[in-house]
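Survey of secondary and tertiary structure
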Amino acid sequence: MTDAGQREPTPRRPEFELPEIVELTIRRAPFEAPRLRHFESSLSRFDEAIEFHVRTNEPLPYLDEPPMLYVGETLVTEMRGTGEREYTFFAFDEERLEEGAPIAFGFPGTPSAQRRDSEYRYHAPRGS
Amino acid sequence: MSREVPREQIDLQPNPEVLSPPYLENLYRCAVNVVVHGFVPHAELDVDVDGTVTTETARFPHPHGHNMALPAPLEAGQMVRVRQRTATAQSDWSVPETVADHTQEYPHGPPRPVIDPGPVYACGSRTGVSNLLAGGSVWITADGGEVGRVDGCREHQGVNVNPDYSLGQVVRAHYQLCDDPSAPSEASTAGPPPPLPRPDVPDPVESGEKLWIGNIVNGARVTVWRGTTELVTYRCWGYALEIGLSPPFTPGERFEAVQRMCPSDPPSPTGTGTVQPCSALGAPGVAPVQLGDQHIHVTDFHPGAVIEVYVNLVHKGTGTAPIVGLDDPIAFGDVIHVGQVVGTCVGQTVLELDPVCVAPPVGRDPSDHNIFPVGHQEYLDGDVHGSVYYPAQDDGASTPFNERLAESGRVPIVFLVHGRHSPADPSYLGYEYLQRELARAGIIAASVDQNALNGDAHGVGNIEHRADLAIEHIVHFQNLDAAAGDTFSNRIDFDRVSLMGHSRGGDAVITVPTVIALAGVRIRSVLALAPTNARHGAGLDTNRPTGHAFMTLLPAGDGDVRRLNGAQFYDQATDVPYKSQVHVENTNHNFFNREWLFDDGVGGPMLSRYEHERVLSSYAMPLYRESLLGHSGMIDYLSNHRRPASARSDKVRLSFGWPEALTVDDHDENNTIDKNSLEGDTDPTGLAADEFAFHQHDHDGLSPFNASFFGESLGMVAQPEEVNGTFRSELPDPVDVAGQEIWIRAAEVYQHPLAAQGTSFDLGLEDGNETVVWVSVDDVGGLPRPYLRRAEDLASRHQRDLTKTMLHTFRFPSGCFAARNRELQLEEIRAILIRLPEENRLALAFDDLQIVERTWS
């Protein structure tokens, strides 16, 4: 009698939680584009950025598309890790950052209701 | 398009004078035999070699045809044909085949033999060897000494070995044709034999002469009893044994079988089968039949069965599986019945089939071009670290480069770039299976370790870093190529470079051709597997693949790159030799990389990891073999003219762009719905049609129809207002479409809740006499339903339904229109029409209406 068998399930990837922003500072700062060996970064046209220094309660998950920072409806995707659970996000188009907009973590393309809000709101940093 | 029907309900009159021609395995110079297939049991076979006829009486066509010795070895250019004869009929001659010179097809030596099945075991007495050219010599060595040989082999040949294998012996298969040896097979070390399972003896039917016995261990000896009479003992290469017996079986007879390996070990339990009456014999299985086919492809049949084919109730073919030839091509409206006969038993049911316009035949495994042994190395130079697989003198770490291949010139190279994953995992090792397949085919394959960039970084900068590191690996291999004494010294052809990238690596390899400035490097093709699109996320223009062949593979159940950004690159690719989109249902993000363990898939059970790998290999290898080696026939796999035997093509939805097509409407001109791309007028009647952004946001001034579009182009959405509403697209000048195909990309628009029933559309051609002929999409493959992933998406942290409207390319051969109405003048087509015949009012998305001549090789 042949047994049709039952497939052993592959372990599911654990569902990731959206991290909580526990600390955030915003500043306008000189921006240094990545130094590449073989071509000039397309970011080299920017010499200044609005920096969002974020500390989270959990590390961002190892995904190719991890959650990113929303400032209102503007998604800020340029990011570098700066320490354990510390990240700096760079926004280059200041005009798209709405004064007083809520700051949240969310997966790209998700509506505001599905993001994890923080207590922080965007206020343009002083200085040119 | 097929159904099983009782034979007694149909007036099928067998004609004993009908007999289909048999056929031959590929013919090569120096072959001392030919292998004949498709004949009926006990037929007399005539083989004609340039007028010299050799005759033999065959026994059974299965499992491996009749091996017929020739009076003299074949010579290149000779014409060979075959026919069969029974007591009541003689077939026509087969279409003559020309004897080839294998060095034209295999300039670096014959294909490498494969021990198949493997592995071998101690006490094994027989070994199967595949990947052979029929007519050559195959032999087996154990620890270097020859233990078995067959001169004049089949494509898959069993070789008895004497003495039996001993534990730990290193076994290899060898092959040569015309004194031209192939590389030896991979080594198989004889391990201890496994516990012997009970042989599987399925019940045969009465009057049959073939007994199939399964569950056989590699190399076992199988002893068969008929009733209480011990018949004989057979050696078997494993898996299954099919033997011919006489006299024919009678109902209730009992067969028993046991298998043995080492004499000192007990035999297996006894397997038993009992002969069943004729009433147990049903219909065979048959692959879909295309209009114009001149054969039937049988996929499932009783051992020893003769296959009968009836067209419009007239007996047209008699032969054996898998191919039964017919005198005339299958025409529109034909009704086909296929039945099987075992001895005097006639199957109680037959399979009834309607031919369709497009049912691509299954071709060979395009990933299995197995010519060279495979060497491999890790390489490390500063931050340049990876693994490379290459055609070598023999298998193993750091073995020398293949001398025979090197003598004929430099060798192309593919760089593979993984994506973001835990830096603790060696992601670059995850594509070893594809690297090996590339190397076997004669392509160097380097996998780039990008873990240094897998920390906390995201965005365009990270992708550019990845692209920069990939380019640095190209530089590294340029240096190795230029160095003296290295494995790769003067070996690499940088004019033939291709890339493959997964996830962020896919984004990176799309970036590389847009920025690379290395002298002498030419990118021929790029494969983006589940790529991200960081530039799009940052509000920048999507990189356009340009100047190289492009493929993106999109796992429909991707739980990481959930928006399937690769569709954006497909839409944006311009000025490419061709572009291909492979959208695969029930596949996830991770299973293409062996180091990425978790199942992230959404939308139903995922295919197994092995099936993921087979999909990638079966579509990637045609891309690389075509673009780097110039192999013909490969594009057929990407354009849906042929399906790879090696992958779950039932899960694959293809889009394909061929630049030499005449584009009737791709909507990207944004010249309103009223005009097509040829500036011809359009005319909707009984349906609502307009142009929309096939994108998540407004695009080129147009808005999306709804949120289910994830590409980056403009297209048309049509929604029926009445049954048989039409959309007519005028051709300003008449077009001769004879011998060409009409292509259109189409999809059911996803809307929640998903309608219980899907929908379809018809494509119409209108000639100068206003004759309009319609062909349904159901006749060219059918419109798939959206891949539903709503429940799992909503349950995830994304909390958004990411079910997509994903367009695919449908081919409508112009001959299908002419077959329906001979008055249609294909030479003077004035308009192409879309008709929505359904009443359920589902919206349909369309794009890229084209007239395509199949000009590829």
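An account of the accompanying structure is given in this report.

Cut-off values and rules
In every chain, residue numbers begin from 1 and rise along the written sequence. Here chains are named by letter from A upward and ligands by number from 1 upward, in the order in which they appear as written. For this predicted model, a pLDDT threshold of at least 70 governs which residues receive local features, and a threshold of 80 or more governs which side-chain atom pairs are given and counted, while totals over whole chains, interfaces and linings are taken from all residues. The side-chain quantities take in all heavy atoms of the structure and omit both hydrogens and water. The way it works is that DSSP assigns letters per residue, a run of H or I at least four long becomes a helix, a run of E at least two long becomes a strand, and they are numbered from the N terminus. Each radius of gyration reported is based on C-alpha atoms, and the globular scaling rule is 2.2 Å times the count of residues to the power 0.38. Using a 1.4 Å probe on the protein chains alone, a residue whose accessible area is under 20% of its type maximum counts as buried, one over 50% counts as exposed, and one in between counts as partly exposed. Contact definition: two residues touch when any of their heavy atoms are within 4.5 Å. Here the accessible surface of atoms and residues is derived via Shrake-Rupley with a 1.4 Å probe, and residues count as covered only by protein chains that are part of the display. The sign given to each residue is positive for Lys and Arg and negative for Asp and Glu; His and the chain ends receive no count. Lys charges are placed at NZ, Arg charges at CZ, Asp charges at CG and Glu charges at CD. In what follows, a disulfide is any cysteine sulfur pair within 2.5 Å. Here a cavity denotes a set of grid points, spaced 1 Å apart and computed over the protein atoms alone, in which a 1.4 Å probe fits but from which it cannot get out, and a pocket denotes an open set meeting protein on both sides within 12 Å along at least five of seven lines; residues with an atom within 4 Å of a point are reported as lining. Grid points are joined across faces, edges and corners, and a volume is the space filled by probe spheres set on the points. In this count, Pro and Cys sit with the nonpolar residues alongside Ala, Val, Leu, Ile, Met, Phe, Trp and Tyr, while Asp, Glu, Lys and Arg are called charged and the others, Gly among them, polar. Only strands joined by at least two bridges in the DSSP assignment are considered to pair. Here the aromatic set is Phe, Tyr and Trp, taking the six-membered ring for Trp, and pairing holds for ring centres within 6.5 Å; pairs whose planes are under 30 degrees apart are stacked, those over 60 apart are edge-to-face, and all others are tilted. Two conditions define a charge sitting above a ring: the NZ of Lys or the CZ of Arg must be within 6 Å of the ring centre, and it must be within 35 degrees of the ring normal. The axes are straight lines fitted to the C-alpha atoms, using for helices just the contacting stretch, and the angles between their N-to-C directions are given from 0 to 180°. Roughly parallel means an angle under 35 degrees; roughly antiparallel means over 145; roughly perpendicular covers 65 to 115; every other angle is labelled oblique. Crossings are assigned a handedness: left-handed for a near helix turned anticlockwise from the far helix by less than a right angle, right-handed for a clockwise turn. Definition of a polar contact: a pair of N or O atoms within 3.5 Å, with one able to donate and the other able to accept a hydrogen when the atoms are protein atoms, and with sequence-neighbouring residues admitted only if both atoms are side-chain atoms. Residues belong to a common nonpolar core when they are buried Ala, Val, Leu, Ile, Met, Phe, Trp, Tyr or Cys residues joined through side-chain atoms within 4.5 Å. Each of two parts loses accessible area, computed with a 1.4 Å probe, when they are put together; buried area is these two losses added. Salt bridge criterion: a side-chain nitrogen from Lys or Arg within 4 Å of a carboxyl oxygen from Asp or Glu. Patch definition: residues above 30% relative accessible area lacking any salt bridge, with like charges linked at up to 9 Å and the nonpolar side chains Val, Leu, Ile, Met, Phe, Trp and Tyr linked at up to 5 Å.

What to know about the overall build of chain B
- Secondary structure summary: chain B contains 11 helices and 54 strands in total.
- Over its C-alpha atoms chain B spans a radius of gyration of 29 Å, differing by no more than 12% from the 29 Å that the globule rule assigns to 857 residues.
- Its C-alpha atoms give chain B principal-axis dimensions of about 85 × 70 × 55 Å.
- Expressed as a percentage of the 857 residues in chain B, the buried residues total 61%.
- Residue pairs in contact within chain B that sit at least 24 positions apart in sequence constitute 71% of those at least 6 positions apart.
- For chain B, the exposed surface amounts to about 30600 Å²; the carbon and sulfur share of it is 47%.
- Charge centroids of chain B, computed over 62 positive and 115 negative side chains, lie 5 Å from each other.

A word on the state of the cysteines
Residues and elements named next belong to chain B.
- Inspection of every chain in the model, using the stated rule, returns four disulfides over all chains.
- A sulfur-sulfur separation of 1.9 Å characterises the disulfide bridge that pairs Cys123 with Cys262. Every disulfide takes its handedness from the sign of the S-S torsion; for Cys123 and Cys262 that torsion is 100 degrees, giving right-handed. Here Cys123 is found in the loop between β9 (114-115) and β10 (126-130), whereas its partner Cys262 is found in the loop between β21 (254-260) and β22 (271-274), with 139 residues between them in sequence.

Observations regarding the environment of Val324 of chain B
Residue and element names in this part refer to chain B.
- Structurally, Val324 can be placed in strand β27 (residues 323-325).
- Each C-alpha atom, one on Val324 and one on Ser398, is 48 Å from the other, the two residues being 74 residues apart in sequence.
- Each residue touching Val324, except ones within four places of it in the same chain, is listed here: Ser20, His295, Ile296, Val298, Ile307, Val309, Gly317, Thr318 and Gly319.

A closer look at empty space enclosed by the protein
- Counted by the stated rule, this structure contains six cavities of 30 Å³ or more.
- The calculated volume of the largest cavity comes to roughly 130 Å³.
- Residue lining of the largest cavity: 16 residues in total, with Glu65 of chain A together with His458, Thr532, Asn533 and Ala534 of chain B positioned closest to the centre.
- Residue classes in the lining of the largest cavity are distributed as four nonpolar, seven polar and five charged.
- Volume-wise, the second largest cavity comes out at about 110 Å³.
- Along its surface, the second largest cavity is lined by 13 residues, and Asp571, Gly711, Thr805, Met806 and Leu807 of chain B are the ones closest to its centre.
- When grouped by side-chain class, the residues that make up the lining of the second largest cavity number six nonpolar, four polar and three charged.

Focus: the sheet that holds strand β7 (residues 79-85) of chain B
Residue and element names in this part refer to chain B.
- Taken together, the four strands give an open sheet; going across it, the order is β5-β4-β7-β8, and neighbouring strands pair in antiparallel fashion. Edge positions in the sheet fall to β5 (52-57) and β8 (97-98), since each has one partner strand and no second.
- Examined bridge by bridge, strand β4 (residues 44-49) and β7 share six bridges and lie antiparallel to one another. Following the sheet pairing, Glu44 is matched in β7 by Arg85.

Let's talk about the environment of Ala819 of chain B
Residues and elements named next belong to chain B.
- By the element assignment, Ala819 lies in helix α11 (residues 814-820).
- Along the backbone, Ala819 and Asp541 are 278 residues apart, and their C-alpha atoms lie at a distance of 46 Å.
- If we skip the residues at most four places from it in the chain, Ala819 touches Leu291 and Phe332.

Some thoughts on the packing of aromatic side chains
- Within this structure, the stated rule accounts for 25 aromatic pairs over all chains.
- Seen in terms of ring centroids, Phe694 of chain B and Phe709 of chain B are 4.6 Å apart; in terms of plane orientation they differ by 20 degrees. Their pairing is stacked. You can see Phe694 of chain B sitting in strand β46 (residues 687-694) and its partner Phe709 of chain B sitting in the loop between β46 and β47 (713-720), a full 15 residues away along the chain.
- Exposure remark for Phe694 of chain B: the relative accessible area of 4% places this residue in the buried category.
- You can call Phe709 of chain B buried: its relative accessible area is 1%.
- Among the aromatic residues, ring-to-ring pairing joins Tyr379, Tyr390, Phe401, Phe415, Phe477 and Phe488 of chain B into one connected group.
- A cation over a ring is seen here: Arg115 of chain A above Tyr70 of chain A, with NZ or CZ 3.5 Å from the ring centre.
- One Lys or Arg, Lys804 of chain B, reaches over the ring of Phe710 of chain B and ends 5.0 Å from the middle of that ring.

Examining the packing of helix α4 (residues 460-482) of chain B against helix α5 (residues 504-515) of chain B
All names here are of chain B.
- For the pair α4 and α5, the least separation of the axes is 8 Å and the interaxial angle reads 65 degrees. When the axes of α4 and α5 are compared, the pair comes out roughly perpendicular. Once α4 is placed against α5, the crossing between them reads as right-handed. Along its contact with α4, which presents Asn462, Ile463, Arg466, Ala467, Ala470 and Ile471, the element α5 presents Arg504, Asp507, Ala508, Thr511, Val512 and Val515.
- Here the contact of α4 with α5 is composed, by residue class, of seven nonpolar, two polar and three charged.

Focus: the sheet that holds β10 of chain B
Residue and element names in this part refer to chain B.
- Read across the open sheet, the three strands follow the order β9-β10-β13; overall the sheet is antiparallel. A single partner strand is all that each edge strand has here, and the edge strands are β9 and β13 (157-160).
- Here β9 runs beside β10; their pairing, made up of two bridges, is antiparallel. Of the residues in β10, the one forming a bridge with Val114 is Ser130.

Quick word on the side chain of Ser713 of chain B
Residues and elements named next belong to chain B.
- Of note, Ser713 is situated in strand β47.
- A polar side-chain atom of Ser713 sits 3.5 Å from a polar atom in the side chain of Asp571.
- Those residues within four positions of Ser713 in sequence are excluded, and the remaining contacts are Asp571, Asp668, Phe692, Ala693, Phe694, His699 and Asp847.

Describing the side chain of His548 of chain B
All names here are of chain B.
- Along the chain, His548 falls in the loop between α6 (534-537) and β40 (549-555).
- Residue classification places His548 among the buried positions, given a relative accessible area of 4%.
- Residues within four places of His548 in sequence aside, it is in contact with Pro513, Ile523, Arg524, Ser525, Val526, Val576, Pro577 and Tyr578.

A look at the nonpolar core
Residues and elements named next belong to chain B.
- Core analysis: the largest hydrophobic core is formed by 78 residues, its most contacted members being Ile140, Tyr165, Phe415, Ile444, Phe477 and Phe488.
- Looking at which element gives the most residues to this core, the answer is α4, with 10 residues.
- Contact partners of Ile444, with chain neighbours within four places excluded, come to Val388, Tyr389, Tyr390, Pro391, Phe401, Val411, Pro412, Ile413, Val414, Phe488 and Ile492.
- Among the nonpolar cores identified, the runner-up in size contains 40 residues, and Ala718, Val735, Ile742 and Leu836 belong to it.

Observations regarding the pairing of strand β14 (residues 170-177) of chain B
All names here are of chain B.
- Among the eight residues of β14, six are classified as buried, and the element is accordingly described as predominantly covered.
- Here β14 runs beside strand β16 (residues 188-189); their pairing, made up of two bridges, is antiparallel. Residue Val171 lies in a different strand from β16, and its bridge partner there is Ser188.
- Relative to strand β15 (residues 180-181), β14 runs antiparallel, the two being bridged by two bridges. The residue of β15 that forms the bridge with Gln176 is Pro181.

Focus: the interface of chain A and chain B
- Between chain A and chain B, the contact holds 41 residues from the first and 53 residues from the second.
- Both faces considered, chain A and chain B share a buried interface measuring about 4000 Å² in area, 47% of it formed by carbon and sulfur atoms.
- It is His38, Tyr62 and Asp64 of chain A that lose the most area in chain A upon contact with chain B, and together they represent 20% of the buried surface on that side.
- Inspection of the chain A/chain B interface yields three salt bridges.
- Note that Arg563 of chain B is salt-bridged to Glu65 of chain A, the shortest N-O span being 3.1 Å.
- Joining chain A to chain B, the criterion identifies 21 residue pairs in polar contact (both at pLDDT 80 or more).
- For the side of chain A that touches chain B, the leading source of residues is strand β5 (residues 78-83) of chain A, giving four residues.
- Taken together, the residues of the side of chain A that touches chain B break down into 20 nonpolar, nine polar and 12 charged.

Brief notes about a negative patch on the surface
Residue and element names in this part refer to chain B.
- A cluster of like negative charges, contributed by Asp668, Glu669, Glu679 and Asp700, occupies part of the molecular surface.
- You can see Glu669 is positioned in the loop between β44 (662-665) and β45 (682-685).
- With a relative accessible area of 40%, Glu669 lands in the partly exposed category.

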